[in-house]
Amino acid sequence: QRTDVVVIGGGPGGATAAKYLRRFDPSLRVTLVEPAATYYTCFASNWVLGGMIGMDDIAQTYGALQDQHGVRVVQDRVVAIEADAKRVRLAGGESLPYEKLVVAPGMEFRYDTVEGYGPEVEGDIPHAWKAGEQTRILRDQLRAMEDGGVFVIVPPGNPYRCPPGPYERASLVAHYFKAEKPRSKVLILDRKEGFSKQGLFMDGWRKYYGDMIEWVPASGGGLVDHIDANTREVFTESGFTRHRADVLNVIPSQKAGRIAQEAGLTDDSGWCPVDQLTFRSRVDEDIYVIGDSSIAGAMPKSGHSANTQGKTAAAAIVREMSGEDMLALSTVNTCYSLVAPDYGISVAAVYRYQEGEISKVPGSGGLSPADAPDYVRRLEARYAQGWYDSITDDSWG
Ligand code: FAD
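Everything quoted here is computed from the prediction, not taken from an experiment. (Residues numbered from 1 in each chain as written. Predicted model: local features only at pLDDT ≥ 70, side-chain atom pairs only at ≥ 80, totals over all residues. Heavy atoms only, no water.)

J.: Describe the overall build of the protein, and please don't skip the residues or the numbers.
T.: Along its length, the protein carries 9 helices and 26 strands. Over its C-alpha trace the protein gives a radius of gyration of 21 Å, about what one expects of a compact globule, namely 21 Å for 397 residues. Each of the three principal axes of the protein carries a C-alpha extent, and together these read 60 × 45 × 40 Å. Across the 397 residues that make up the protein, the buried fraction comes to 55%. Of the roughly 16,200 Å² that the protein leaves accessible, carbon and sulfur atoms contribute 46%. The average position of the 42 basic charges and that of the 53 acidic charges among the side chains of the protein differ by 3 Å. (Helix = DSSP H or I, 4+ residues; strand = E, 2+ residues; numbered from the N terminus. Rg over C-alpha atoms; globule rule 2.2 N^0.38 Å. Buried < 20%, exposed > 50% of the residue type's maximum accessible area, 1.4 Å probe, protein only. Areas by Shrake-Rupley, 256 points an atom, 1.4 Å probe, with all protein chains shown as cover. Lys, Arg positive; Asp, Glu negative; His and termini not counted. Charge placed at Lys NZ, Arg CZ, Asp CG, Glu CD.)

Below you can see the structure in the form of structure tokens.
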């Protein structure tokens, strides 16, 4: 079956691109390839771990894209991009030809960063950095843990999807412990020296959780060298300090999704260089890379970024197909985090393409104010829910 544009991946990047391609030009034939029938959002998956919501609340499906927006959705996995022939090959055997290809496969782990951690142990030691089954495993382990246990989080090195994510996770697991297992601890062994919204998180931690959460930076002995998956022991580099976890969450460092690497769309950094005006690959002029896999200047790897980049690539493709130049767009990203169910903090910025790359508009956005009254934190927690509802509706609705 002939198609004009094929989109690989039904996360916020790919789903938004498919929807907006059809919206900007209803005559386009757009095919979205995604192996899962249900996509579980990583965003709000920490809320599941904190016991605030259930798995169904983070489930997205592709019915609206298909029925309301006229996207052909193929439930399959792309196993090869045959760029010379301009077609993709699917695991099921079918080949799909394309005029333009949008690649949005998210990220893949660098399993060489923490020795002893690999796909073979994920069932026992979840990363829970791709939502769904992994979220369920981690939630169930936290529920089964005895009071007085230690939950160890090993966050990734930069850059990775959702910079504040590990610290929101620590917060909401502490929220759950405080209510159900108050003698338990959250220990964060970090390979970094600082993290997103650090001051705001730490203020919230002190206020809600006392000393329940301990964060150890790399220079303080937090840099994890290897783990023993059988005993759940974690060994850090400085003199090989040993920590024993009751529940262990290793989040390895990251690179572009596997299909992007196999297709040769990545550079030495492991991510995909693109023209940041259009998100067209630097490697192939008929391929666009968006979302986590792309190198998008100052934009962080987030669902909000992926959604915005989906629209940018859709506009660029439609304009190119009709012989029009691309316009420089302003885009935006907001990352909300919940420190507690009614205590939200955020970081926001407006971005603009300028002199060859996407940079932050000076003076735009910013962090939630320090020392804000409680009602401001309460309002931001409500905005976080509103953000979730609108970004999912915009991407899959
Ligand atoms: P993904 O969402 O990973 O989607 C990629 C899709 O491609 C997947 O569905 C996959 O099945 C599919 N795929 C992969 N390979 C193939 C193939 N070969 N063929 C076909 N399909 C393929 N972001 C925010 O903006 N706000 C938040 O509050 C937030 N919170 C987060 C909390 C956590 C705990 C985590 C882990 C992340 C959070 N994020 C948040 C980040 C956000 O989830 C990611 O940045 C976002 O999902 C990236 O979107 P994407 O479309 O690039 O990739």
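J.: Lay out the site of the ligand in plain terms, naming residues and giving numbers.
T.: Near the ligand there are 34 residues, and of these Glu34, Tyr39, Arg161, Asp292 and Gly303 occur at the shortest range. Taking histidine 304, its main chain carries an N or O atom lying 2.9 Å from an oxygen atom of the ligand. Relative to its free-state accessible area of 1,000 Å², the ligand is covered by the protein chains to the extent of 92%. Within the residue set of the shell around the ligand, elements represented by two or more residues are helix H1 (12-24), helix H2 (45-49) and helix H8 (303-321). At 3 residues, the largest contribution of residues to the shell around the ligand is made by H8. Here the shell around the ligand is composed, by residue class, of 16 nonpolar, 11 polar and 7 charged. (Near = heavy atom within 4 Å. Polar contact = N/O pair within 3.5 Å; in protein donor to acceptor, adjacent residues only side chain to side chain. Nonpolar A, V, L, I, M, F, W, Y, C, P; charged D, E, K, R; others polar.)

J.: Summarise the packing of H1 against H8; cite the residues concerned and give the values.
T.: Running from N to C, H1 and H8 cross one another at 35°; their axes reach a closest spacing of 7 Å. Here the hand of the crossing between H1 and H8 comes out right-handed. Contact with H1, carried on its side by Pro12, Gly13, Thr16, Ala17, Tyr20, Leu21 and Phe24, involves Gly303, Ala306, Asn307, Gly310, Lys311, Ala314, Ala315, Ile317 and Val318 of H8 and no other residues of that element. Split into classes, the residues belonging to the contact of H1 with H8 amount to 10 nonpolar, 5 polar and 1 charged. (Axes fitted to C-alpha atoms, helices over the stretch in contact; angles between N-to-C directions. Left-handed = near helix turned anticlockwise from the far one by under 90°. Contact = heavy atoms within 4.5 Å.)

J.: Lay out the pattern of salt bridges with the relevant residues and their values.
T.: Evaluated as defined, the whole model comprises 19 salt bridges. Linking arginine 242 and glutamate 233 is a salt bridge whose minimum nitrogen-to-oxygen distance equals 2.4 Å. Through salt bridges with shared partners, one network takes in Lys86, Lys100, Arg280, Asp286 and Glu320. (Salt bridge = Lys/Arg side-chain N within 4 Å of Asp/Glu carboxyl O.)

J.: Could you give me a rundown of the pairing of strand S23 (residues 330-340), with the residues and numbers involved?
T.: Burial runs high along S23: 8 of the 11 residues are buried. Examined bridge by bridge, S23 and strand S24 (residues 343-354) share 10 bridges and lie antiparallel to one another. Across the sheet, the residue bridging to leucine 338 is glycine 344, located in S24. Between the antiparallel neighbours S23 and S24 lie 2 residues. (Pairing = 2+ DSSP bridges.)

J.: So, the nonpolar core: which residues are in play, and what are the values?
T.: Nonpolar side chains in soluble globular proteins tend to be buried together. The biggest cluster of nonpolar side chains holds 100 residues, and the ones touching the most others in it are Ile81, Val88, Val186 and Trp205. Broken down by element, the residue count for this core peaks at 7 residues, all from helix H5 (residues 165-180). The contacts of valine 88, once residues within four sequence positions are left out, are Val6, Ile8, Val78, Ala80, Ile81, Glu94, Ser95, Leu96, Tyr98 and Leu101. In terms of nonpolar packing, the next biggest core, distinct from the first, is built from 15 residues, Leu187, Val216, Ile227 and Val250 among them. (Core = buried A, V, L, I, M, F, W, Y, C linked by side-chain atoms within 4.5 Å.)

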